[in-house]
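Survey of secondary and tertiary structure
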Amino acid sequence: MADRVLGWLVSACALLVVSSLVWVLADVVIEGVAHISWQFLFTAPEDAGRAGGIGPILVSTLWILLIALAVAVPLGLGVAIWLSEFAHRHGHFVGSAQITLDILAGVPSIVYGLFGNAFFSVYLGLGFSLLSGGLTLACMILPVFVRTCETGLRAVSDDWRSGALALGMSRSSAIWHILLPVASPAIVAGLILGIGRATAETAALLFTSGYVDRMPGSLLDSGRALAVHIYDLSMNVTGGDGAAYASALVLVLLIMMLNTLAQSLVDSWFKRSLVLP
Amino acid sequence: MSKNASRHIMPPYTLRDIEQGTPCCVPEPVLQVRNLDVSYGEKTVLAQVSLDIYKGCITALIGPSGCGKTTFLSTLNRLTDHQERAHVSGQILFDGQDLLGDPIDTLKLRRRIGMIFQKPNPFPLSIWRNLELPLKEHGVRDRDVRRRKIEQAFRDVGLWDEVSGRLHTSALALSGGQQQRLCIARALVLEPEILLMDEPCSALDPISSAVVEELILRLQGRYTVVIVTHNLAQARRVANYAGFFWMTERVGKLIEFGQCQALFDRPGHALTAAYISGAKG
C-alpha cells in the first residue's frame, strides 16, 4: 500500500515537472514560430525591436560566447587537471580551492556583472564591449566547469594511472591519451552547463557588454546578447512580445545546437582514441 | 597472538649467502636491496629490508596482508614516488646505480622494470593500441618494428591466437584472464629485464589463474620475476627463491629469505614455520 502511494506520488512529481517544462517550451514554440523567418534571423532590429530582426544580436551573442569559452575552457581544463592530477590530494590549498570554486559557482550572476563592470570595463578600460562581456561570462562559468571536469578526472580509475606510470609513460601522456578521453563525458557536461549559463545570461551582460543593438564593428564595441534582447523586448518595449517569443525560440534552438556541437567536438577530440566494449 | 611469539624468537632476516638447495641458475644478483625503510608520513611500514633478487629467477614474496610486500615491490620501480607522503630510504642497487640515491630517469627505469598489478588494468583502448601506446611512448617510431614486437609479445603470453582476429576491438571486452595476460604482454613488449607482479592471479578464476601461472613459469630464465602472492601453493610451484614478510610491532619486516623449496621444507624461523603450516596469518 505504502509502495503504491509512493509510486503515485513520485509519478505525480515527474508529471508536474515534465508538463511544466513542456508547457514553457510549447508556449515559446507556438508564439515564436509565427515571427520566425530568414529575414528575422539576418536583419537588424527596427523600432526598438518591434520590427526587423535579430541579426546583429545573434552576432554579438556568438562573439560573447566564443570569447567566454575560448578563455574558460583551456583555463578551466588546466585548473581541473592541476587539482586532480598534480596538487596534493589532501592538501589545504586544494581543499580551500574547491570550497572557493563551489562558492563562486553559487554566486548570483549580477555579482559577476558588477565585478566585470568594475574590473574589465572600468579598471582595464575595455568599456561596454563584447570583450568585457565575454570575459565576465568566462569568470562566471569557470567555477562550474572546473569542478565538473575535476570530478570527472577524479572518477577515472587509479588503476589506469598506475598502469601508465608503471609502463614508463609520462604523466602528461597518461593525461592526454587516457585520463582526458575517459573523463570526456564530464568535460561535455561542464561545457553544456557553461554554454547554457552563458547563453542565457542577462544580468551580468547588462553591466559589461551593454545593450546597443547595432552590428558590432569590433570586439571593443558594445553588443546586445540575445537574452538581454528578450529581457528588453518583454520588459521595456510595448508590442514587442512577438519578437521576444521569436528570440526566445532562437535562443532555445541555439543552445540545443551548441550543445550538440560541443558534444561532437569533444567526442572527436578525445573519444576517438577510446575503444569501449 | 603474534606478540608473544615474536618477542622471544630469532631476529629478522639479515643478509647472508644462500647455501641451501641447488641454485636455479647462476645466482647473480640483479637487484640488491640494502636496509630499505619505507614510511608513509609518520607511519613506518617497512623496516630494514635487505635481500638480493637473482637474475633469471622467480622470487616469491609471501606473508599476510598489510605487511608491506606490495610497498616493497613498488619501491623497486619507484612507483612510491607518486604516493603521497611516502618516504623511502636505504639502497637499491640496479646495474651499478642506486635507485634511491642516484639521479634516475624513472621513465626509463620503468621500461626496464615492468609491473603487473593485482587487478588487470588494460587501458580502455583497442587490444592493439594497449601495446602500441607504450611502445610509441618509448620512441619506437618504426611501424613495422612495432608490429613485430607487438605480435611477439602476444605470442609470448599465448594470447595471439585468441586476439589476432579482434585486435581493434576493446581490450575491456576480454575475459579477466585474457586481460591479465594482455597486461603482461604490455609489459613484455617493452623488453624489460625485471617483472614485478603484485598478486597477478588473485583476481582471476582458477582456470585463468592456472594459465597465468603457467605463463609466469615460462618467463623463468628469460626475465627476472618478483611476485607477491598470498597463494603459498603457487609460490611453491613457481618460485626459485622466497621471502617471508611479517608484521612485528606494526612494522613490516623480512623474516626469512632463501631458496623457495628450502624455505618451505625447512623453515629457519619459527614464524615462517607457523605461517606456512597455516597456524598463523
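Residues numbered from 1 in each chain as written. Chains lettered and ligands numbered in written order. Predicted model: local features only at pLDDT ≥ 70, side-chain atom pairs only at ≥ 80, totals over all residues.

With that out of the way, let us pick up the overall build of chain A. Across its full length, chain A holds 12 helices and 2 strands. Starting at the N terminus and ending at the C terminus, chain A contains elements arranged as α-α-β-β-α-α-α-α-α-α-α-α-α-α. In terms of principal-axis extent, the alpha carbons of chain A reach across some 70 × 65 × 35 Å. Within chain A, buried positions represent 42% of all 277 residues. Nonlocal contacts in chain A, meaning residues at least 24 apart in sequence, comprise 76% of its contacts between residues at least 6 apart. (Helix = DSSP H or I, 4+ residues; strand = E, 2+ residues; numbered from the N terminus. Buried ≥ 20, exposed ≤ 12 C-beta atoms within 10 Å, placed from the backbone. Contact = placed C-beta atoms within 7 Å.)

Further remarks concern the environment of Pro277(A). Within the secondary structure layout, Pro277(A) lies in the segment after helix H12 (241-270). Sequence-wise, Pro277(A) and His35(A) are 242 residues apart; in three dimensions their C-alpha atoms are separated by 47 Å. In this view, Pro277(A) contacts Ser170(B), Leu172(B) and Ala173(B); residues no more than four positions away in its chain are not counted.

Moving on, we get to the nonpolar core. The biggest cluster of nonpolar side chains holds 154 residues, and the ones touching the most others in it are Ala68(A), Ile141(A), Ala60(B), Ala185(B) and Val226(B). Of all the elements, helix H6 (residues 130-154) of chain A adds the most residues to this core, at 14 residues. In contact with Ala68(A), not counting residues within four places along its chain, are Gly134(A), Leu137(A), Ala138(A), Ile141(A) and Ala198(A). (Core = buried A, V, L, I, M, F, W, Y, C linked by C-beta atoms within 7 Å.)

Residues and elements named next belong to chain A. At their nearest, the axes of helix H1 (residues 2-33) and H12 sit 7 Å apart, and the two run at 125 degrees to each other. Between H1 and H12, the angle falls in the class oblique. When the axes of H1 and H12 are compared, the crossing they make is left-handed. Here Val-28, Val-29, Glu-31, Gly-32 and Val-33 of H1 lie close against H12, whose contacting residues are Tyr-245, Ala-246, Ala-248, Leu-249 and Val-252. Class assignment of the residues belonging to the contact of H1 with H12 gives a composition of 8 nonpolar, 1 polar and 1 charged. (Axes fitted to C-alpha atoms, helices over the stretch in contact; angles between N-to-C directions. Parallel < 35°, antiparallel > 145°, perpendicular 65-115°, else oblique. Left-handed = near helix turned anticlockwise from the far one by under 90°. Nonpolar A, V, L, I, M, F, W, Y, C, P; charged D, E, K, R; others polar.)

Quick look at the pairing of strand E10 (residues 251-259) of chain B now. Residues and elements named next belong to chain B. Across the 9 residues that make up E10, a large majority, 8, are buried. For strand E9 (residues 241-248) and E10, the ladder comprises 8 bridges, and the chain directions are antiparallel. The residue bridging Phe-245 from the neighbouring strand is Leu-254, located in E10. (Pairing = 2+ DSSP bridges.)

As a further point, take helix H7 (residues 158-166) of chain A. Regarding H7(A), the residues found buried are Gly163(A), Ala164(A), Leu165(A) and Ala166(A). Buried positions along H7(A) lie against helix H8 (171-182) of chain A together with helix H3 (106-112) and strand E6 (113-116) of chain B. Positive phi shows up at Gly168(A), right after H7(A), with a value of about 75 degrees.

What follows covers the interface of chain B and chain A. In this assembly, 27 residues from chain B lie in contact with 21 residues from chain A. When residues of the side of chain B that touches chain A are traced back to their parent elements, those giving at least two are H3, E6 and helix H4 (127-137) of chain B. With 4 residues, the top contributor of residues to the side of chain B that touches chain A is H3(B). Looking at the side of chain B that touches chain A, its residues break down into 12 nonpolar, 8 polar and 7 charged.

Let us look at the packing of helix H11 (residues 226-236) of chain A against H12(A). Residue and element names in this part refer to chain A. Running from amino to carboxyl end, H11 crosses H12 at an angle of 160 degrees, the nearest separation of the two axes being 8 Å. Between H11 and H12, the angle is such that the two are roughly antiparallel. Of the two elements, H11 crosses H12, and the hand of that crossing is left-handed. In this structure, H11 uses Leu-226, Ala-227, His-229, Ile-230, Leu-233 and Ser-234 to contact H12, whose residues at the interface are Asp-241, Ala-243, Ala-244, Ser-247, Ala-248, Val-250 and Leu-251. Across the contact of H11 with H12, the residue classes break down as 9 nonpolar, 3 polar and 1 charged.

Moving on to unusual backbone geometry. Phi at Ala48(A) is positive, roughly 60 degrees, even though this residue is not glycine. Structurally, Ala48(A) can be placed in the loop between strand E1 (45-46) and strand E2 (51-52). Although it is not a glycine, Arg250(B) sits at a positive phi angle of roughly 65 degrees. For Arg250(B), the position within the fold is in the loop between E9 and E10. With 10 C-beta atoms counted inside 10 Å, the residue Arg250(B) sits in the exposed group.

Taken together, the buried positions of H11(A) are Leu226(A), Ala227(A), Val228(A), His229(A), Ile230(A), Asp232(A) and Leu233(A). Of the surrounding elements, those touching the buried residues of H11(A) are helix H3 (55-86), helix H10 (203-206) and H12 of chain A.

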